[in-house]
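Secondary and tertiary structure notes
What follows is each chain in one-letter form.
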Amino acid sequence: MKKIKKTLLFLSLATVMTGCATAPPKNSSNLCEIFREHDDWYDAASDMRDKWDVPIHVPMAMMYQESSFKHDAQPPMEYWFGFIPVGRASTAYGYAQVKDETWEDYGRETGSYFAARSNFDDALDFMGWYINKSSRINKVSKSDAYAQYLNYHEGWGGYKRGSYYKKRWLMETSRKVQQRATMYQNQLQSCEEEFKSGWFFGLFG
């Protein structure tokens, strides 16, 4: 009987934890629809913009590229001989696909020791922090999604050395991030007022 109760308790907790996970947006190609579905995400994005002076559309486009807005995204498992698991390619995890050591740097510099990579607000704040540092270290505009994504992927040292020049696929991916950022920017300009006014005033809009 005790074993049955323990099993039921475990299953209940697992169900609760699964229910707490935020599902990716149904329409990730439209930033207005993303924020309509997850209105608390706009609040987090607005806070990030105010804190780091980073335009919302840039990290949102980068986050889409990194995880497709999946809270528990991580690199695929690697195998020896096609069937012996040997671990993942890196420790990248969460919405922003942040590696362990980079996340620790962020926590140490910002005091965000209890932040979680699977939390949208924390992940977006991390991206704001990173984009701000890329601007300061490598003199890259915060609105330049192409160069910002190269910094994000290669690291500040790698970008400075031009390591991406040997990675045509990465430059092509960065161009896609730039295109999505431009699309998100135009979309947000058409709908941001409804999020600024809040849900109450939106009822009468």
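Refer to the structure above for everything that follows.
This model, assessed by the stated rule, comprises 21 aromatic pairs. Ring geometry for W41 against F69: centres 5.9 Å apart, planes inclined by 45°, an arrangement best described as tilted. Here the residue W41 occupies a position in helix α3 (residues 39-52), and F69 occupies one in the loop between α4 (57-67) and β1 (77-80), the gap between them amounting to 28 residues. F69 gets classed as buried once you look at its relative accessible area, which sits at 0%. Here the aromatic cluster, defined as three or more aromatic residues joined through ring pairs, consists of W103, Y106, F126, W129, Y130, Y152 and W156.

On to α4. The buried fraction of α4 is high, at eight of eleven residues. Of all the residues in α4, the buried ones are H57, V58, P59, M60, A61, M62, M63 and S67. Where the residues of α4 are buried, they touch α2 (31-37), α3, α6 (120-138), α7 (145-161) and α8 (168-196). Directly after α4, the chain includes S68, whose backbone phi takes a positive value near 55°.

Quick look at the pattern of salt bridges now. Per the counting criterion, the structure on display carries eleven salt bridges. Of the charged contacts, one joins R49 and E192 as a salt bridge, the two residues approaching to 2.9 Å between their closest N and O atoms. Taken together, the residues span a long stretch of sequence, with R49 in helix α3 and E192 in helix α8 at a distance of 143 residues. The partly exposed category is assigned to R49, whose relative accessible area is 24%. With a relative accessible area of 12%, E192 lands in the buried category. A salt bridge links E154 to K167, with the shortest nitrogen-to-oxygen separation between them at 2.9 Å. Of this pair, E154 sits in helix α7 while K167 sits in the loop between α7 and α8; the two residues are 13 residues apart in sequence, bridging distant segments of the chain.

This part is about a negative patch on the surface. Among the surface-exposed residues, D39, D40, D43, D47, D50 and D121 lie close enough to one another that they form a single negatively charged patch. Element by element, the count of residues in the negative patch is highest for α3, at five residues. Within the secondary structure, D47 is located in helix α3. Accessibility expressed as a relative area gives 52% for D47, which makes it exposed.

Put simply, the largest pocket is a space of about 440 Å³. In terms of lining, the largest pocket is formed by 18 residues, of which the most central are E66, Q97, K99, Y152 and H153. Sorting the residues of the lining of the largest pocket by element identifies α4, α5 (100-110), α6 and α7 as the ones contributing at least two each. If one sorts the elements of the lining of the largest pocket by residue count, α7 sits on top with five residues.

Rules behind the numbers
Residues numbered from 1 in each chain as written. Predicted model: local features only at pLDDT ≥ 70, side-chain atom pairs only at ≥ 80, totals over all residues. Heavy atoms only, no water. Phe/Tyr/Trp six-rings, centres within 6.5 Å; stacked < 30°, edge-to-face > 60°. Helix = DSSP H or I, 4+ residues; strand = E, 2+ residues; numbered from the N terminus. Buried < 20%, exposed > 50% of the residue type's maximum accessible area, 1.4 Å probe, protein only. Contact = heavy atoms within 4.5 Å. Salt bridge = Lys/Arg side-chain N within 4 Å of Asp/Glu carboxyl O. Patch = residues over 30% accessible without salt bridge, like charges linked within 9 Å, V, L, I, M, F, W, Y side chains within 5 Å. Areas by Shrake-Rupley, 256 points an atom, 1.4 Å probe, with all protein chains shown as cover. Lys, Arg positive; Asp, Glu negative; His and termini not counted. Charge placed at Lys NZ, Arg CZ, Asp CG, Glu CD. 1 Å grid on protein atoms, 1.4 Å probe; cavity = no way out; pocket = protein on both sides within 12 Å on 5 of 7 lines; lining within 4 Å. Points joined across faces, edges and corners; volume = space filled by probe spheres on them.

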